[in-house]
Amino acid sequence: MTNSNTQKPDNQPTPVIEVRGLDNRFGSHIVHKHLDLNLFKGEILGVVGGSGTGKSVLLRSIVGLHRPTAGSIRVFGKDLDGLNAEDRSETEQRFGVLFQRGALFTSLNLVQNIALPLIEHCRLSRSDAEGLARMKLALTGLPSDSALKYPSELSGGMVKRAALARSLAMDPEILFLDEPTAGLDPIGAAAFDKLIVTLRDALGLTVFLVTHDLDTLYTTCDRVAVLSQKKVLVADRIETVATTDDSWIQDYFQGPRGRAASYAFQAQEPSRPQE
């Protein structure tokens, strides 16, 4: 099998993110060592791995919330560490991030949460920012009467959608999702998976998705990257990844839950074209 961590798909020749030789250490603990990974324009890349493999650390490294020990991260062809503060800020504003627990401001209602980055970074008036915020809420499927509600008044699924709306506030090109369906019931998780694909197709987004949800991997992802042995062990279409000769991968994809997710996906899309 060909390892495609850095291989360019024929129809997507230019990576929007290139991670090369990434090391992440915390004291004597090594999380990543010589990690390489590409993210291609327009794809949904699912990132999986066992506990402690550094999935969220990798996401935080790419978006600039954690400084790696070594290696390089190029975004839109630019080395982030080589940019001055202003250029780096402009580049990072092309990102949208949905954190694992939503990270909404509990003292602000939804429209205020989403309007805040528009006021701070785009210098919009409050009325204009809140008008756009209501549009983003609608885009994620939330009813109009949710705009004035506070996070504490929402269900888990609504919090996820509100956090997604905030991540879309500044019309990002790359969307980073950290465990977006964690804590949701199966129906809510399936609806959220469908929403991610719909938004990717409608808005032309590129998506970096950290998850452990097998249904999410099968229904949303164009490629799956597996973190193991402190690096990206394989990154390829899920059908190829699932057959990789590695004990964790086999336990994960060929176990009861993995087989169930695969069967369910095949039943829904029996004629999925092969690339």
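What comes next concerns the included structure.

Conventions adopted
Residues numbered from 1 in each chain as written. Predicted model: local features only at pLDDT ≥ 70, side-chain atom pairs only at ≥ 80, totals over all residues. Heavy atoms only, no water. Pairing = 2+ DSSP bridges. Helix = DSSP H or I, 4+ residues; strand = E, 2+ residues; numbered from the N terminus. Axes fitted to C-alpha atoms, helices over the stretch in contact; angles between N-to-C directions. Core = buried A, V, L, I, M, F, W, Y, C linked by side-chain atoms within 4.5 Å. Buried < 20%, exposed > 50% of the residue type's maximum accessible area, 1.4 Å probe, protein only. Contact = heavy atoms within 4.5 Å.

In spatial order, the strands read β6-β7-β8-β3-β9-β10; together these 6 strands make up an open sheet with mixed pairing. Each end of this open sheet is capped by a strand with a single partner; those strands are β6 (95-98) and β10 (231-236). Direction aside, neighbouring strands of the sheet carry axes that sit 15 degrees apart on average. The sheet contact formed by strand β3 (residues 44-49) and strand β8 (residues 206-210) spans 4 bridges and is parallel.

This next bit is on the environment of V57. Structurally, V57 is set in helix α1 (residues 55-63). Linking V57 and M158, residues 101 residues apart in sequence, is a C-alpha distance of 26 Å.

Bringing the nonpolar core into the picture now. Inside soluble globular proteins, nonpolar side chains tend to come together where they are buried. Formed by 50 residues in total, the largest nonpolar core has its most connected members in L164, L177, L217, V224 and F253. Broken down by element, the residue count for this core peaks at 6 residues, all from helix α6 (residues 186-203). The residues contacting L177, other than those within four sequence positions of it, are L59, L98, L164, I196, V207, F208, L209 and V210. Membership of the second largest hydrophobic core comes to 25 residues, among which are L22, L45, L80 and L227.

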